[in-house]
Amino acid sequence: MTVQTLDAKTFIQMVLAGARHLKNNADKIDALNVFPVPDGDTGTNMNLSMTSGANEVKKIANDDVSEVAQAFANGLLMGARGNSGVILSQIFRGFAKGIDNKKHLNANDLATAFDSGVKTAYKAVMKPVEGTILTVAHDAANQAVKVANREKDIVRMMEQVLQEAKSSLKRTPDLLPVLKEVGVVDSGGQGLVTIYEGFLAALKGEALPEEENEDITMDDMISAEHHKLAQDFMNTDDIEYGYCTEFMVKFEQDKLADHPFDETAFRDELSEHGDSLLVVASDDLVKVHIHAEYPGDVLTIGQRYGSLINMKIENMREQHTAIVGKEMEKRPKETKAAYGIVTVATGSGLKSLFESLGATVVIKGGQTMNPSTKDIAEAIEKANAQNIFVLPNNKNIVMAAEQAADIADANVAVVPTQTIPQGISALLAFHPDRNLQENKDMMDNAKMQVKSGQVTYAVRDTTIDGMTIEKGHFMGIADGKIKATHQDKMETARALLADMITEDDELLTILQGEETSDSEVKQLVDHVEKTYDDVEVEIHRGNQPIYAYIFSVE
Amino acid sequence: MSIELHTNDGRISITNEVIATIAGGAAIECYGIVGMASKSQIRDGIAEILRKENFSRGVVVRQEDNHLHIDMYIIVSYGTKISEVAHNVQSQVIYNLNQSLGLDIDSVNIYIQGVRVAKD
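Draft legend 1. Expanded view of the overall build of chain B. A tally of helices and strands in chain B yields two helices and six strands. Seen in sequence order, chain B has helices and strands lined up from the N terminus as β-β-α-β-β-β-α-β. Here chain B holds 120 residues, and 39% of them are scored as buried. Restricting the contact set of chain B to residue pairs at least 6 apart, pairs at least 24 apart contribute 63%.

Following this line, the structure appears as structure tokens:
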């Protein structure tokens, strides 16, 4: 399939597909966010910005690509959130500027637009940081210009632009050291790639079948949002205006001659017929949303100015009865458990270990991939209990856990466990017959009784705690301090254990990492049994990444 | 004036100039900022864009009984969502000062001294 010219309709589809694709991936992008401030909100911010842009585009009824691009840029500007959102708004402001007054675009025009977008975006910053969304946009635009010289098919051009954007994204860690350190690609860049993916899918027509769905869900969301209050506070009988009425009027010149359209007067007139009124007008359309008791009257008023399109009338009393009914059905069934436990771990083995010990929800996460406050809040909700304990198992997650606890409806207590072994010990100390405070005290106490050790490899040369560590060597960490380093994994593990195990200790639990073989573990167990007479060894397959071994000594 | 931190091994003092430089450095990396302006623009009425080497002149560090406040005088690019840019500067400055100096800043006040229209 070849596309030589891009018209307004296709461009609208591209924008909507980009927005939808971004929305679906917002959580993933949040997880990548480490720069400039690692607050895990890039995906959310970009999604909010993009949604605002897409909403403007939806209002457009015009055949000019330039008008659509302008509306998109305006929407992005008004809704810009966060650094990436502001940058995105600039890219498309320049994009719109680059196609001034064009009705259609050919491959060359599109390349010029991409190029103009990047140029504008770079102008709004004094000191551009490379390895970010700016770099990805820049490389992609360069590719567009290069390809457009020989390629007239827009689909094939967009394919190559996307490909270059993806490779550029992969290179971001080479340009921005903090990304490399954490081992992620730039989150804003990922967002842009996601949008371009949506563009391409729409160009190829792949995402089109879902298009209608999206419109409905967007509208439903708005409706759901403002109907929600009604459901909470109202009886079905109290609904004064029974019909949620939405329609658009396409103006017709001969009717306008008799009834010139005045938005304010129109709104005032409608407001006498109901509430929750929204009127949005453009040159040739007006969109109306109203809750009215007699929707027929409202439609008649609209019809004075033109023909009615996209009508939707819903009986809210019926809906309300259905919703209230559903709530009634649902509630008695879901009796909440007295206690729920939410914890954080990565690795299939650790997950099932925690579950077997009584954890209600295990959030995937840990070193280098901290779950956000939102993830934890959702897990708390999912646990669906009156009292909930959160065991973060990592000191970087403790704060997010505490924030999540603040916003939760249930009684939430955070036991600030900093390691997996602390989490396990705390979980073992839990007893359902005790009350929340007693349990928290016991768990706090239990986590202090255990010593935690981890064996992992260094991602770069460094000097910490007076030890010089080379990249690729293994380090043994005991309760946050590096105690041993060696190029050999086994040597590191032995040295770490020598540091951790004292005469009073009786039990060593080994959590075997994803990349650690059974024979290595056996070798280590032989060593421990020979060296430490009184220590019993227990082995679990944790399958955790990054850490070859996690030790728990008590 | 300087900030003093006491540790087991002795005393660390950080001058306001250092804080201003780091805050300024963080700000100019922020998207949407095209420059720092001198705080004393009232004198001549025109926001003067400071050169890189003295952008700390556009940053005022104030200490009020153990609380740190920073005032920043910035120039932003026309056509950006300025409120959001200002907000981004605040969070970036707070984060950077916390990362590099371990300081908690009580407030970062942004004064937008000018809007610059980019030349095409």
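Draft legend 2. View of the overall build of chain A. A count of helices and strands for chain A gives 21 helices and 16 strands. By the burial criterion, 46% of the 554 residues in chain A qualify as buried. In chain A, 66% of the contacts between residues at least 6 apart in sequence involve partners at least 24 apart.

Draft legend 3. Spatial organisation of the sheet that holds strand β5 (residues 337-345) of chain A. All names here are of chain A. Read across the open sheet, the four strands follow the order β6-β5-β7-β8; overall the sheet is parallel. Each edge of the sheet is formed by a strand with only one pairing partner; in this case those strands are β6 (361-364) and β8 (411-414). Across the sheet, the axes of successive neighbouring strands diverge by a mean angle of 20°, strand direction being ignored. Bridging between strand β7 (residues 385-391) and β8 involves four bridges; their strand directions are parallel. Each bridged residue has a counterpart across the sheet, and for V390 the counterpart in β8 is V414. Seen against the sheet, helix α16 (residues 373-383) touches β5, β6, β7 and β8 and runs at an angle of roughly 160° to β6. Packing of helix α17 (residues 395-407) onto the sheet brings it into contact with β5, β7 and β8, and relative to β8 it is tilted by some 165°.

Draft legend 4. The arrangement of the environment of K180 of chain A in detail. Within the secondary structure, K180 of chain A sits in helix α8 (residues 177-182). For K180 of chain A, a count of 16 C-beta atoms within 10 Å puts it in the partly exposed group.

Draft legend 5. Expanded view of the packing of helix α4 (residues 82-98) of chain A against helix α2 (residues 82-101) of chain B. Where α4 of chain A meets α2 of chain B, the closest approach of the two axes is 9 Å, and the angle between their N-to-C directions is 145°. Crossing hand, α4 of chain A versus α2 of chain B: left-handed. Only E84, V85 and N88 of chain B of α2 of chain B make contact with α4 of chain A, whose side of the interface consists of G82, N83, G85 and V86 of chain A.

Draft legend 6. Up close: the sheet that holds strand β16 (residues 547-553) of chain A. Residue and element names in this part refer to chain A. Spatially, β13-β12-β9-β16-β14-β15 is the arrangement adopted by the six strands of the open sheet, whose pairing is mixed. Across the chains shown, the open sheet's two edge strands, defined by having one partner strand only, are β13 (481-486) and β15 (536-544). The average angle at which neighbouring strand axes cross in this sheet is 20°, direction not considered. Bridge count for strand β14 (residues 507-513) against β16 is five bridges, and the pairing is antiparallel. Paired with I510 across the two strands is F551, which belongs to β16. The sheet contacts of helix α15 (residues 348-356) involve β14 and β15, and relative to β15 the element is tilted by about 120°.

Draft legend 7. Spatial organisation of the packing of helix α1 (residues 8-32) of chain A against helix α9 (residues 187-204) of chain A. All names here are of chain A. At a minimum axis distance of 7 Å, the contact between α1 and α9 shows a crossing angle of 145°. Once α1 is placed against α9, the crossing between them reads as right-handed. Contact residues: α1 offers T10, Q13, M14, A17, G18, R20, H21, L22, N25, I29 and L32, while α9 offers S187, Q190, G191, T194, I195, E197, G198, F199, A201, A202 and L203. Residue composition of the contact of α1 with α9, by class: ten nonpolar, ten polar and two charged.

Draft legend 8. A look at the interface of chain B and chain A. In this assembly, 18 residues from chain B lie in contact with 19 residues from chain A. Within the residue set of the side of chain B that touches chain A, elements represented by two or more residues are β3 (33-36) and α2 of chain B. Counted by class, the side of chain B that touches chain A contains seven nonpolar, eight polar and three charged residues.

Draft legend 9. Examining unusual backbone geometry more closely. Residue and element names in this part refer to chain A. At N101, a position not held by glycine, the phi torsion is positive, near 65°. Checked against the element boundaries, N101 lands in the loop between α4 and α5 (107-123). We classify N101 as exposed; it has 8 C-beta atoms within 10 Å.

Draft legend 10. Quick look at the nonpolar core. Ranked by size, the top nonpolar core spans 106 residues in total, and within it A23, A27, I33 and I74 of chain B carry the most contacts. Considering every element that reaches this core, the biggest residue donor is α1 of chain A, with 13 residues. Among all residues touching A27 of chain B, those that are not within four sequence positions of it are I33, M36, M72, I74, V89, Q92 and V93 of chain B.

Draft legend 11. Region of the structure containing the pairing of strand β2 (residues 10-15) of chain B. Residues and elements named next belong to chain B. The buried fraction of β2 amounts to zero of the six residues, a small share that puts the element mostly on the outside. The pairing of strand β1 (residues 2-7) with β2 spans six bridges and is antiparallel. In the sheet register, E4 faces β2, and the bridge partner there is S13. Counting the residues in the hairpin turn of β1 and β2 gives two residues.

Draft legend 12. Region of interest: helix α1 (residues 16-28) of chain B. Residue and element names in this part refer to chain B. Over its 13 residues, α1 extends 18 Å from the first C-alpha to the last, a length consistent with the 18 Å expected when each residue adds 1.5 Å. Residues of α1 that are buried include every one of I19, A20, I22, A23, G24, A26, A27 and I28, and no others. Against β2, β3, β4 (59-64), β5 (67-77) and α2 lie the buried residues of α1.

Draft legend 13. Fine view of the confidence of the model for chain B. Mean pLDDT for chain B: 82, with 82% of residues reaching 70 or above. Here the predicted complex carries an ipTM of 0.70, next to a pTM of 0.47.

Draft legend 14. Quick peek at the environment of A484 of chain A. Take A484 of chain A: it is sitting in strand β13. A sequence separation of eleven residues divides A484 of chain A from A495 of chain A, and the C-alpha atoms of the two residues are 6.0 Å apart.

Draft legend 15. View of the confidence of the model for chain A. Residues and elements named next belong to chain A. Looking at chain A, pLDDT values average 81 and 89% of them are 70 or higher. The least confident element of chain A is helix α10 (residues 211-233), whose mean pLDDT is 35; the most confident is helix α6 (residues 133-148), at 94. Low pLDDT, under 50, characterises residues 208-234; the predicted model gives this stretch eleven contacts beyond four residues in sequence or across chains. Counting interchain partners and residues more than four positions distant, the pLDDT-below-50 stretch residues 327-334 has one contact.

Draft legend 16. Just α15 of chain A, in detail. Residues and elements named next belong to chain A. Within α15, the full set of buried residues consists of L350, L353 and F354. Axial view of α15: buried residues confined to an arc of 95°, hence all on one face. Buried residues belonging to α15 abut β5, β6, α18 (420-428), β14 and β15. Downstream of α15 by a residue or two, G358 has a phi angle that is positive, lying close to 115°.

Rules and cut-offs
Residues numbered from 1 in each chain as written. Chains lettered and ligands numbered in written order. Predicted model: local features only at pLDDT ≥ 70, side-chain atom pairs only at ≥ 80, totals over all residues. Helix = DSSP H or I, 4+ residues; strand = E, 2+ residues; numbered from the N terminus. Buried ≥ 20, exposed ≤ 12 C-beta atoms within 10 Å, placed from the backbone. Contact = placed C-beta atoms within 7 Å. Pairing = 2+ DSSP bridges. Axes fitted to C-alpha atoms, helices over the stretch in contact; angles between N-to-C directions. Left-handed = near helix turned anticlockwise from the far one by under 90°. Nonpolar A, V, L, I, M, F, W, Y, C, P; charged D, E, K, R; others polar. Core = buried A, V, L, I, M, F, W, Y, C linked by C-beta atoms within 7 Å. Expected span 1.5 Å × (residues − 1). pLDDT = per-residue confidence, 0-100. Arc of directions from axis to C-beta.

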